[in-house]
Amino acid sequence: MIKQIPGGVCAPKGYTAGGIYCGIRKRNDKNDLAMIFSEVPAHAAAVYTTNLVKGAPLTVTKNHIADGVAQAVICNSGNANTCNSNGLEIAEQMSALAAEQLGISSNDVIIASTGVIGQKLNIAPVANHITELAASLSQEGEDEAAKAIMTTDLVMKKIAVEFEIDGKICRLGGIAKGSGMIHPNMATMLVFLTTDTAISAPMLQKALSHDVQKTFNMLSVDGDTSTNDMVSIMANGLAGNKEITEEGPAFDIFMKALNTVTISLCRTIAGDGEGATKLLECDVTGAADEKTASVVAKSVITSSLIKAAMFGADANWGRVLCAIGYSGADLNVNKVDVAFKSAKGIIPVCKNGAGVDFSEEIAKKILLEKEITILVELNSGSASATAWGCDLTYDYVKINGDYRS
């Protein structure tokens, strides 16, 4: 059984975290430098943005964890350290500064940056405050770390779960940032996961790579794939279970726990989309295969017209059919059913590809809720998929019209 527990990255055994303001941001009312530390070396895995333009920290992280080992994370906000001639050098310097404070190898540091692209990152604020950052590490420091990685986020994002493998209690937790530049495919946000489960590096990578296909790759806020973002996970083995080295019951339990955490973070990120007022979920069922279901769900959740209609609580189901039609999926549109669902109820609006009579008044009440599910039944098989997104509001343009100021 997977049980949600309080906390985030510090919930598993052996992890501490912290966050401070060091001066990278212009405003001093938010933290801008975070650290996560495992008391022992951990197996590590990560997935990275598919954007051809990648931030220097991603290249450095990929090199550092090529051996499947990491012991710490350092992340700054306020500057992406992307498209800079000295970006790799700065990223390596940040890793070295963290490593020196923690008494570990710089090759065991995962590094990330988020913020404005194309502005040089000054290492001085980090160097001047790295001792303070290391001193902030504690089992209660995860909230300060979570705040430090936020940019336009309005909500702190964290979760932890507890589960049992081989009679041992294991835990898995995470913190995330993501509000804009969120769009499939992997990984269009920053997510840091920790676990005390004993699992080999290859199986950890396998678990993460498989999971993101159904979670973070099904998440979209605005159609822009970021240059910097990734999902990383450290597993230090302190739970004491027999190390997972192959597929089987133990790996299945770990996968379920990982999926519980990542789905929760997906929903939180989508609901906190820039300017968003509503969390949107598209559940596609009855597809001929999983790929078809996935393509349809993504197409619906990324449609600007649908997102705008949901902002206005307009049951414009024709836009849903339109998005399905141009998705590229091979399906019979004359079999498609559509309904809208929220805490106020469910209302069918389309049957067999054609509209059905429904109460606009009831539909309005359903769509005025904060969480809305768009139900799409393809009536062509048994495969399904879910995607997450948010509505499109006036504030999205306001936020991104002066992002650098």
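Our subject is the structure listed above.
Residues numbered from 1 in each chain as written. Predicted model: local features only at pLDDT ≥ 70, side-chain atom pairs only at ≥ 80, totals over all residues. Heavy atoms only, no water.

Q: How should I be thinking about the nonpolar core in this particular structure?
A: Across soluble globular proteins, nonpolar side chains show a tendency to be buried alongside one another. In this structure, L193, F216, F254, V300, V320, F340 and V376 are the most contacted members of the largest nonpolar core, which totals 73 residues. In terms of residue count, the dominant contributor to this core is helix 6 (residues 249–271) (10 residues). Ignoring anything within four residues of it in the chain, the contact list for V300 reads C282, I306, V320, A323, I324 and I374. In terms of nonpolar packing, the next biggest core, distinct from the first, is built from 26 residues, A70, V73, A112 and A145 among them. (Core = buried A, V, L, I, M, F, W, Y, C linked by side-chain atoms within 4.5 Å. Buried < 20%, exposed > 50% of the residue type's maximum accessible area, 1.4 Å probe, protein only. Helix = DSSP H or I, 4+ residues; strand = E, 2+ residues; numbered from the N terminus. Contact = heavy atoms within 4.5 Å.)

Q: What exactly am I supposed to notice about the sheet that holds strand 14 (residues 371–377) here?
A: Strand pairing in a sheet takes place through backbone hydrogen bonds and is either antiparallel or parallel in direction. Strand order in the open sheet formed by six strands is 13-12-11-14-10-15, with mixed pairing between adjacent strands. Unpaired on one side and paired on the other, strand 13 (354–355) and strand 15 (383–390) mark the two borders of the sheet. (Pairing = 2+ DSSP bridges.)

Q: Would you mind going over the pattern of salt bridges with me for this structure?
A: Opposite charge on two side chains makes pairing possible when the charged atoms of those side chains draw close. In this structure the tally under the stated criterion is nine salt bridges. Between E247 and K206 there is a salt bridge; the shortest N-O distance is 2.4 Å. Separated by 41 residues along the polypeptide, E247 in the loop between strand 9 (230–235) and helix 6 and K206 in helix 5 (residues 201–214) bring together distant segments of the chain. Measuring nitrogen to oxygen at the nearest pair gives 3.7 Å for the salt bridge that ties K214 to E290. Note that K214 is positioned in helix 5 and E290 in helix 7 (residues 290–302), a separation of 76 residues in sequence. Using a relative accessible area of 42% as the deciding quantity, one classes K214 as partly exposed. In the salt-bridge network here, residues are joined through shared partners; they are E142, D143 and K158. (Salt bridge = Lys/Arg side-chain N within 4 Å of Asp/Glu carboxyl O.)

Q: What's the story with unusual backbone geometry in this structure? I'm lost.
A: A negative phi angle characterises most non-glycine residues, just as the trans form characterises most peptide bonds. At N81, a position not held by glycine, the phi torsion is positive, near 50°. With respect to the element layout, N81 can be found in the loop between strand 4 (69–79) and helix 2 (87–102). N81 sits in the buried class, given a relative accessible area of 1%. In this structure, C83 is a non-glycine residue whose phi angle is positive, near 60°.

These figures capture arrangement, not role.
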